[in-house]
Amino acid sequence: MLPNTGRLAGCTVFITGASRGIGKAIALKAAKDGANIVIAAKTAQPHSKLLGTIYTAAEEIEAVGGKALSCIVDVRDEQQISDAVQKAVKKFGGIDILVNNASAISLTNTLDTSTKIMDLMMNVNTRGTYLTSKACIPYLKKSKVAHILNISPPLNLNPVWFKEHCAYTIAKYGMSMYVLGMAEEFKGEIAVNALWPKTAIYTAATEMLGGPGIKSQCRKVDIIADAAYSIFQKPKSFTGNFVIDENILKAEGIQHFDIYAIKPGHPLQPDLFLDEYPEAVSKKMESAGAVPEFKEEKPQPQPKPRSGAVEKTFRIVKDSLSDDIAKATQAIYLFELSGKDGGTWFLDLKSKGGNVGYGEPSEQADVVMSMSTDDFVKMFSGKLKPTMAFMSGKLKIKGNMALAIKLEKLMNQMNARL
């Protein structure tokens, strides 16, 4: 992990949502340098399911060498934000770093997102980030450090990230758009950047969203804390960047990321908004001349099942293929299916006219999808959306995400026949 340097000693870091999870991890990392931490969060009383309050966080911060100020702040309330900023300035003399971490999430589609939930996400993510930034900026402009860091994703306009949870995506992208605007507006005065994880980060909130099975597919909050710490070391000229945690730490010289994994060696769940799936299971090439993981020779075909819903689905898929579809897709998909009529199947959209079959394809697959046979049939028939299958852990993907998205578009065209 990235070692502390002591460079943040005496700096005041204002963090929203710092009573637990990612916010608290960033706070503790800075506190080990001797930073002053303003815990701006609304959890003053213990939650029935989520551990931690602004007061327990303060105890942890002071235990590692930092100074803490606990402030009850709901970022939807402008007066609470203003009061916390004034308390911070009065106690510590100013504000050097702002971390906009507080966030609300609901991965629901348009018809299933109530007005109340939509307002919550817009008010916490987009509006709250704006109001907190606005309140801190006059003091940040006086600081030699002067950083605003939004925990928000790169602006990826691929429609796949909008179709299943449009309201959440827009609310979260609002935080990212402030990076574009404020980085330009305060160029030379304040560095404004965004930070996002490459893979899922394990927190109590993550478990509530993804269930207990998600834990082994996540990294620890430490990777975000280390990445944020690295950003805080940068000069004010480092601004307007959408930073991915793993990328910036690689630039810092970190090569082995198993130290951040909840379960080292276990495949990791890629995070939202990134058109790249980490190949945690595959062995990376040691050098350009390394032996490929998959042998070039065609393996012996497996015996073909006689009947079943999966075979019927592939038969309909095969009847739907054409030269135009193959030319437009140019990918080979491998399906590792568990359950009745499961096994290994492939969809070859590189060869002329396309092809499907039971067993391994003649060439290395571009995308490998693992799921149950029941979910496979539901996905191809339109009863289960691929994005939701992936986010819920029902679908595991390894390989080229852009090609995985192409398959989703192809499935939408086939749904009527399946």
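Residues numbered from 1 in each chain as written. Predicted model: local features only at pLDDT ≥ 70, side-chain atom pairs only at ≥ 80, totals over all residues. Heavy atoms only, no water.

Re the nonpolar core
Among the nonpolar cores identified, the biggest contains 48 residues, and Phe14, Val85, Ile95 and Ile190 are the most heavily contacted of them. Counting residues per element, the ones that place at least two in this core are strand 2 (36-41), strand 3 (67-72), helix 3 (78-92), helix 4 (115-140), helix 5 (160-163), helix 6 (166-185), strand 6 (191-196) and helix 14 (401-414). If you tally residues by element for this core, the top one is helix 6, at 8 residues. Among all residues touching isoleucine 190, those that are not within four sequence positions of it are Ile137, Leu140, Lys141, Ala146, His147, Ile148 and Thr239. If you look at the next biggest cluster of nonpolar residues, it comprises 44 residues, including Val13, Ala18, Ala30 and Ile39. (Core = buried A, V, L, I, M, F, W, Y, C linked by side-chain atoms within 4.5 Å. Buried < 20%, exposed > 50% of the residue type's maximum accessible area, 1.4 Å probe, protein only. Helix = DSSP H or I, 4+ residues; strand = E, 2+ residues; numbered from the N terminus. Contact = heavy atoms within 4.5 Å.)

Some remarks on the pattern of salt bridges
In total, this model carries 9 salt bridges according to the counting rule given. Two residues, glutamate 60 and lysine 24, come together in a salt bridge whose shortest N-O distance is 2.9 Å. Of the two residues, glutamate 60 sits in helix 2 (residues 54-63) while lysine 24 sits in helix 1 (residues 21-31), which places them 36 residues apart along the sequence. Overall, glutamate 60 belongs to the partly exposed group, its relative accessible area being 32%. Linking arginine 76 and aspartate 74 is a salt bridge whose minimum nitrogen-to-oxygen distance equals 2.8 Å. With relative accessibility at 17%, the residue aspartate 74 sits in the buried group. Connected via shared salt-bridge partners are Lys198, Arg219, Glu246 and Lys250. (Salt bridge = Lys/Arg side-chain N within 4 Å of Asp/Glu carboxyl O.)

A look at the environment of threonine 113
Looking at where threonine 113 falls in the secondary structure, it is placed in the loop between strand 4 (97-100) and helix 4. Since its relative accessible area comes to 13%, threonine 113 is described here as buried. For the pair formed by threonine 113 and tyrosine 168, sequence separation is 55 residues and the distance between their alpha carbons is 9.3 Å. Leave out the neighbours within four places in its chain, and threonine 113 touches Thr108, Met118, Met121 and Ala167. Here the side chain of threonine 113 touches threonine 108 through a polar contact of 2.6 Å, side chain to side chain. (Polar contact = N/O pair within 3.5 Å; in protein donor to acceptor, adjacent residues only side chain to side chain.)

What about the sheet that holds strand 12 (residues 396-399)?
On the basis of which strands lie adjacent, the open sheet formed by 5 strands has the order 10-9-8-11-12 and mixed pairing. Where the open sheet ends on each side, the last strands, each with one partner, are strand 10 (355-358) and strand 12. Adjacent strand axes in the sheet meet at a mean angle of 15° when their direction is disregarded. The pairing of strand 8 (residues 332-338) with strand 11 (residues 367-372) spans 6 bridges and is parallel. Bridging across to strand 11, tyrosine 333 finds its partner in valine 367. Against the sheet, helix 10 (residues 309-320) touches strand 8, strand 9 (343-348) and strand 10, its axis set at about 5° to strand 9. Packed onto the sheet, helix 12 (residues 373-380) meets strand 8 and strand 11 and runs at close to 115° relative to strand 11. (Pairing = 2+ DSSP bridges. Axes fitted to C-alpha atoms, helices over the stretch in contact; angles between N-to-C directions.)

Here's the deal with unusual backbone geometry
Of note in the backbone geometry, alanine 146 takes a positive phi value of approximately 50° without being a glycine. Note on placement: alanine 146 falls in the loop between helix 4 and strand 5 (147-150). Exposure remark for alanine 146: the relative accessible area of 0% places this residue in the buried category. The backbone of phenylalanine 273 sits at a positive phi, close to 75°, despite the residue not being glycine. For phenylalanine 273, the location among the structural elements is in the loop between helix 9 (245-251) and helix 10. By relative accessible area, which is 1% here, phenylalanine 273 ends up buried.

So, a nonpolar patch on the surface
Together, Leu155, Met177 and Leu180 line one region of the surface with nonpolar side chains, adding up to about 270 Å² of accessible area. For leucine 180, the position within the fold is in helix 6. Relative accessible area serves as the criterion here: at 47%, leucine 180 is assigned to the partly exposed category. (Patch = residues over 30% accessible without salt bridge, like charges linked within 9 Å, V, L, I, M, F, W, Y side chains within 5 Å. Areas by Shrake-Rupley, 256 points an atom, 1.4 Å probe, with all protein chains shown as cover.)

Section: the confidence of the model for the chain
Mean pLDDT over the chain stands at 86; residues scoring 70 or higher make up 89%. Under a pLDDT of 50 for its full length, residues 277-306 has, in the predicted model, 39 contacts with residues more than four places off or in other chains. (pLDDT = per-residue confidence, 0-100.)

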